[in-house]
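Listed below, chain by chain, are the residues.
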Amino acid sequence: MDLGYIQNLDLLFVGLALVANSILGFAVYLSDRRNATNRAFFFFVFSTIPWGIFNYFIFKSLPQDIAIWALRLHVFFAVWYCFFLFRLFFIFPNEKIIIPKIYDIFTLPLVTLTAFMTLTPFVFKRVIEFSSNGGIGSVENGPGIIIFGVVVVSLILYSIYLLLRKLFKTTG
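These numbers were taken from a predicted model, which means no experiment stands behind them.

A.B. asks: Please clarify how the overall build of the protein chain should be interpreted in this entry.
C.D. replies: Along the backbone of the protein chain there are 5 helices and 2 strands. Considered along the principal axes of its C-alpha atoms, the protein chain spans approximately 55 × 45 × 30 Å. Put simply, the protein chain has 172 residues, and 37% of those count as buried. The long-range share in the protein chain, meaning contacts at least 24 apart out of those at least 6 apart in sequence, stands at 64%. About 10,500 Å² of surface is accessible on the protein chain, with carbon and sulfur atoms providing 70% of the total. Here the protein chain contributes 13 positive and 8 negative side-chain charges, whose respective centroids are spaced 15 Å apart.

Below, the structure written as structure tokens:
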């Protein structure tokens, strides 16, 4: 009995998740295009798509030069994923939002520089070894990994703080 189709079952599930996310993102956005939270949710959902694709590939058997680029693109989109999570929780549940100047002066440039920095050897120099299933086992990190970590963790922690603060404000 040939079970070769089972090898691609994970790809099927990744594809289904991406399609479901796309449908959800469009449904929310199209329900009220002017709503700032809906737009933020739309961008957050669509930042998950490339991140999910490259997340899939870093666990697959790839040549070393392609594997490092898959990893770099994975973390590139991870930065944007975290940024759009922050943006969603910053805006939620408002229909309209006025973005503070610090956002344009500091946050967006920092996120953009960090994202593009991840595409260089400053963050990941090379793949050192592959795991037994062919995915990336370990990499040689560059000094930029610290900047990447601080920015991403800060975005996530502040996002959680914003959401909890808004939650506790509404519940009293």
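A.B. asks: Looking at this structure, I do not really get the environment of Asp-32. What am I missing?
C.D. replies: Turning to its location among the elements, Asp-32 is positioned in the loop between helix H1 (9–31) and helix H2 (36–57). Between the C-alpha atoms of Asp-32 and Ile-66, which are 34 residues apart in sequence, the distance is 41 Å.

A.B. asks: So what exactly am I meant to see when it comes to the packing of H2 against helix H3 (residues 64–91) here?
C.D. replies: Helix packing geometry: the angle between the two helix axes and the distance between the axes. Across the interface, H2 lies against H3 with an axial gap of 8 Å and an inter-helix angle of 160°. With respect to H3, the axis of H2 lies roughly antiparallel. In this structure, H2 crosses over H3, and the sense of that crossing is left-handed. Classifying every residue of the contact of H2 with H3 by side-chain character gives 19 nonpolar, 5 polar and 1 charged.

A.B. asks: Whenever I open this one, the pattern of salt bridges confuses me. Can you help?
C.D. replies: Two side chains carrying opposite charge are able to pair once their charged atoms lie near each other. In total, this model carries 1 salt bridge according to the counting rule given. When the shortest N-O distance is used, the salt bridge between Arg-126 and Glu-140 registers 2.8 Å. One end of the pair, Arg-126, is in strand E1 (residues 124–130); the other, Glu-140, is in strand E2 (residues 136–141), and 14 residues separate them in sequence. Here Arg-126 falls in the partly exposed class, since its relative accessible area comes to 43%.

A.B. asks: Quick question: what am I supposed to make of the pairing of E2 here?
C.D. replies: Walk down a regular strand and you will see the side chains alternate between the two sheet faces. Examined bridge by bridge, E1 and E2 share 5 bridges and lie antiparallel to one another. The residue bridging Arg-126 from the neighbouring strand is Glu-140, located in E2.

A.B. asks: For this particular structure, what's the right way to read the nonpolar core?
C.D. replies: In globular proteins that are soluble, nonpolar side chains generally tend to be buried together. Counting 38 residues, the largest nonpolar core has Trp-80, Phe-83 and Leu-155 as its most contacted members. Residue assignment for this core shows that the elements contributing at least two residues are H2, H3, helix H4 (101–117), E1 and helix H5 (144–171). Per-element tally for this core: the top contributor is H3, with 17 residues. The contact partners of Trp-80, leaving out residues within four places of it in the chain, are Ser-47, Leu-108, Val-111, Thr-112 and Ala-115.

A.B. asks: Would you take a moment to explain H4 for this structure?
C.D. replies: Side chains three or four residues apart in an α-helix point the same way, a direct result of the helix having 3.6 residues per turn. Taking 1.5 Å of rise per residue, the 17 residues of H4 would be expected to cover 24 Å, and the 24 Å separating its terminal C-alpha atoms lies within 8% of that figure. Its axis deflected by about 30° at Thr-107, H4 carries its strongest bend there, up to four residues before the proline Pro-109. Residues of H4 that are buried make contact with H3 and H5.

A.B. asks: What am I meant to see in unusual backbone geometry here?
C.D. replies: Working note: non-glycine residues mostly have negative phi, and peptide bonds are mostly trans. Across the junction of Phe-92 and Pro-93, the peptide omega takes the value 0°, indicating a cis bond. By secondary structure assignment, the location of Pro-93 is in the loop between H3 and H4.

A.B. asks: I keep staring at a nonpolar patch on the surface and nothing clicks. Help me out?
C.D. replies: Taken together, Val-153, Ile-156, Leu-157, Ile-160, Leu-164, Leu-167 and Phe-168 make up a surface patch of nonpolar side chains, about 620 Å² in accessible area. Classification of Leu-164 as partly exposed rests on a relative accessible area of 39%.

About the cut-offs
Residues numbered from 1 in each chain as written. Predicted model: local features only at pLDDT ≥ 70, side-chain atom pairs only at ≥ 80, totals over all residues. Heavy atoms only, no water. Helix = DSSP H or I, 4+ residues; strand = E, 2+ residues; numbered from the N terminus. Buried < 20%, exposed > 50% of the residue type's maximum accessible area, 1.4 Å probe, protein only. Contact = heavy atoms within 4.5 Å. Areas by Shrake-Rupley, 256 points an atom, 1.4 Å probe, with all protein chains shown as cover. Lys, Arg positive; Asp, Glu negative; His and termini not counted. Charge placed at Lys NZ, Arg CZ, Asp CG, Glu CD. Axes fitted to C-alpha atoms, helices over the stretch in contact; angles between N-to-C directions. Parallel < 35°, antiparallel > 145°, perpendicular 65-115°, else oblique. Left-handed = near helix turned anticlockwise from the far one by under 90°. Nonpolar A, V, L, I, M, F, W, Y, C, P; charged D, E, K, R; others polar. Salt bridge = Lys/Arg side-chain N within 4 Å of Asp/Glu carboxyl O. Pairing = 2+ DSSP bridges. Core = buried A, V, L, I, M, F, W, Y, C linked by side-chain atoms within 4.5 Å. Expected span 1.5 Å × (residues − 1). Bend = angle between axes of the 7 residues up to and from the residue. Patch = residues over 30% accessible without salt bridge, like charges linked within 9 Å, V, L, I, M, F, W, Y side chains within 5 Å.

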